[in-house]
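Observations on the three-dimensional arrangement
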Amino acid sequence: MDAFRIQGGHRLAGTISVDGSKNAALPLLAATLLTDEVVSFNGIPHLSDISNMLTLLKELGCHVNETETETTLQVEDCSNAHARYDIVRTMRASVCVLGPLLAKRGIAKVSMPGGCSFGDRPIDLHLRGLEALGARIELDGGDIIAHADKLLGATIFLGGPFGSTVLGTANVMSAATLAEGTTIIESAACEPEIVDLANLLNEMGAKISGAGTPRITIEGVDQLGGTTYEVMPDRIVAGTWAIAAAMTNGVIKIDRFPLNQLLAVRDVLEHVGVHINQLNNDEDTNACSVQIETDRVLKPVIFTTQPFPGFPTDLQAQMMALLCLARGNSIITEKIYPERFMHVPELSRMGARLVRQGATVVVQGVDNLVGAPVMASDLRASASLVLAGLAAEGETIVSRVYHLDRGYVKMEETLKSLGANIERLASAHVDDFLPTVETVPQNQVIQTDS
Ligand code: EPU
């Protein structure tokens, strides 16, 4: 498994541009199952999660053609409606083929996604929503099997104990485009990725209104057609770059920055002393140019992750890395995934002072972080370790970089272009850079459970 080797302490400077959004692209690609016509996308990011989704769509009968900038899909064979465990276990988001397959083919068989490294992630709301549209759903051998002769519009409440569900809303909204009659999704997810999906579906001929609000209305149509569509910029990647600049007290310019979708993040960063300044007021604030500048002394802050437009859970870990360097105590509460704290023990290995109680972490700011070998078992936790490594004194080795390859296109190249000292170590060479037990000071020997 590849690793990153980072020499910390280099101030970031320069200009970068934000890639297309992974979390928008995954349901957009799945939506192509709703038509027999050609759908082309610009700006699908080249990430391992996207490759997995394209592999799945090929298995489900899509012809896929990819160039550097354009990804074109067309369903050629509808005979297989089975998303197998082999693929679903590599990527939970495979579940977003469920709604489109059911609506178009009348049957979908999707392996039940398990939990993930940050806890239990049920899909009960997806299933409840599809059942409300008339699907018959059973579980067999670990597969969800959904049948429907014809879906019928219905009024569906999609709220759960932690708010709404993003991919659940995507599944039900996509399925309802081909249902007979009108569907109303109440307590729908308001995330920008849902708006992007509704925009694509409308361009394909669907009749969806209210996307981006808690009530989405879908008038069913008989069929959907092809189109060409540009994927929105990735708000989580954009936020990660802004925090990376702040970690090193750097000044960077970011193009295609979705400022309008990051207002909660801008608010929290502003409290800390990090300024996201829009460079041209006339630009589209879903993809504008901004400059990131940071005060010399970072201030602590209290924030809670929430569904959109609140502070996104997908930036909680990165913000925690930054707050390790603030002067004073910050308090972070995770309201979407109460167990999403894989980064806490690893940041502690780098000198962070963190106290966790349930879904809350108190971050006691320190003067500096110190480089260390670290690893995390999810995408955003790994990103926070890279950011910590950029600011830390000395060398940090972040193992299991494949998590980062799921969500950041060549992360090390982007950071290098901004002046970071970071390199990818091929798996065969990682051990050469990790300390052996003899060279690790006794107080840093990693404890393992026997
Ligand atoms: N939930 C339920 N029942 C359900 C579905 C969800 O109780 O049927 C709960 C979840 O356990 C969680 C909350 O509702 O507590 C929100 O989960 P949601 O369904 O919205 O998550 P998701 O759609 O599976 C997407 C992103 C995640 C992101 C979450 C929350 C994609 C591919 N994934 O997941 O992104 O954290 O929304 O915003 O869009 C990431 O990119 O690193 C990532 C994990």
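Computed from a prediction, not measured in an experiment: that's the story for all the values here. (Residues numbered from 1 in each chain as written. Predicted model: local features only at pLDDT ≥ 70, side-chain atom pairs only at ≥ 80, totals over all residues. Heavy atoms only, no water.)

1. Notes on the sheet that holds strand β13 (residues 215-219)
Judged by pairing direction, the sheet is mixed, and its four strands sit side by side in the order β10-β11-β13-β12 without closing on themselves. At either end of the open sheet lies a strand with only one pairing partner, and these are β10 (155-157) and β12 (207-209). With direction set aside, neighbouring strand axes in the sheet form an average angle of 15 degrees. Bridge count for β12 against β13 is three bridges, and the pairing is antiparallel. Counted as the bridge partner of Ser209 is Thr217 from β13. (Pairing = 2+ DSSP bridges. Helix = DSSP H or I, 4+ residues; strand = E, 2+ residues; numbered from the N terminus. Axes fitted to C-alpha atoms, helices over the stretch in contact; angles between N-to-C directions.)

2. Examining the confidence of the model for the protein
Within the protein, residue pLDDT values average 94, and 96% of them lie at 70 or more. Within the model, pLDDT remains below 50 along residues 440-450, and this stretch shows four contacts once partners closer than five positions in the same chain are excluded. (pLDDT = per-residue confidence, 0-100. Contact = heavy atoms within 4.5 Å.)

3. A word on the nonpolar core
When a protein is soluble and globular, its nonpolar side chains tend to lie buried together. By size, the foremost hydrophobic cluster in this structure holds 77 residues, and its most contacted members are Leu29, Phe41, Met53, Val97, Leu151, Met173 and Leu201. With seven residues, helix α1 (residues 22-31) is the largest single contributor of residues to this core. The contact partners of Val97, leaving out residues within four places of it in the chain, are Ala30, Leu33, Met53, Leu56, Leu57, Leu60, Ala83, Val110 and Asn171. Among the nonpolar cores identified, the runner-up in size contains 74 residues, and Ile243, Phe341, Ala383 and Leu404 belong to it. (Core = buried A, V, L, I, M, F, W, Y, C linked by side-chain atoms within 4.5 Å. Buried < 20%, exposed > 50% of the residue type's maximum accessible area, 1.4 Å probe, protein only.)

4. Describing the sheet that holds strand β4 (residues 62-66)
Taken in spatial order, the four strands line up as β4-β5-β3-β14 in an open sheet, and their pairing is mixed. Strands at the two margins of the open sheet, each flanked by one partner only, are β4 and β14 (227-230). Here the average twist between neighbouring strands, direction ignored, is 15 degrees. Where strand β3 (residues 39-42) meets β14, four bridges bridge the pair, whose relative direction is parallel.

5. Quick look at the site of the ligand
The local shell around the ligand holds 25 residues, among which Leu125, Thr165, Asp314, Ile336 and Arg380 are the closest. At 2.8 Å from an oxygen atom of the ligand is found a main-chain nitrogen or oxygen belonging to Val166. Leu167 places a main-chain nitrogen or oxygen 2.8 Å from an oxygen atom of the ligand. When the free accessible area of the ligand is taken as 820 Å², the share hidden by the protein chains comes to 92%. Elements supplying a minimum of two residues to the shell around the ligand: α1, α5 (124-132), α6 (166-176) and α12 (379-391). The residue inventory of the shell around the ligand, partitioned by class, reads twelve nonpolar, five polar and eight charged. (Near = heavy atom within 4 Å. Polar contact = N/O pair within 3.5 Å; in protein donor to acceptor, adjacent residues only side chain to side chain. Areas by Shrake-Rupley, 256 points an atom, 1.4 Å probe, with all protein chains shown as cover. Nonpolar A, V, L, I, M, F, W, Y, C, P; charged D, E, K, R; others polar.)

6. Comments concerning helix α9 (residues 263-272)
Where α9 is concerned, the buried positions are Ala264, Val265, Val268, Leu269 and Val272. Along the axis of α9, the buried positions cluster into a sector of 130 degrees, meaning they face one direction only. Buried positions along α9 lie against α8 (235-247), β16 (274-278), β18 (302-304) and α10 (316-323). Gly273 occupies a position one or two residues after α9 and carries a positive phi of about 110 degrees. (Arc of directions from axis to C-beta.)

7. Focus on the domain arrangement of the protein
By the assigned domains, the protein splits into domain 1 (3-19 + 233-447) and domain 2 (22-229). A buried area of about 1700 Å², summed over both sides, lies between domain 1 and domain 2, and 55% of it is on carbon and sulfur atoms. Together, Phe308, Tyr337 and Arg406 form the three largest contributors to the area buried by domain 1 at its contact with domain 2, with a combined 31%. Counting every contact that joins domain 1 to domain 2 gives two salt bridges. Between Asp49 and Arg406 there is a salt bridge, with the nearest N and O atoms lying 3.0 Å from each other. Our count for the domain 1 to domain 2 interface comes out at seven residue pairs in polar contact (both at pLDDT 80 or more). Those elements that place two or more of their residues in the side of domain 1 that touches domain 2 are α12 and α13 (402-405). Tallied by class, the residues present in the side of domain 1 that touches domain 2 amount to ten nonpolar, three polar and ten charged. (Domains from an automatic or database assignment. Buried area = accessible area lost by both parts, 1.4 Å probe. Salt bridge = Lys/Arg side-chain N within 4 Å of Asp/Glu carboxyl O.)

8. Looking at unusual backbone geometry
The linkage connecting Phe308 with the following residue, Pro309, adopts the cis geometry, with an omega of 10 degrees. On the secondary structure map, Pro309 appears in the loop between β18 and α10. Residues other than glycine seldom take positive phi values, yet Ser187 does so here, at roughly 60 degrees. Its place among the elements puts Ser187 in the loop between β11 (182-186) and α7 (192-203). Residues other than glycine seldom take positive phi values, yet Arg400 does so here, at roughly 60 degrees. If you trace the backbone, Arg400 turns up in the loop between β23 (395-399) and α13.

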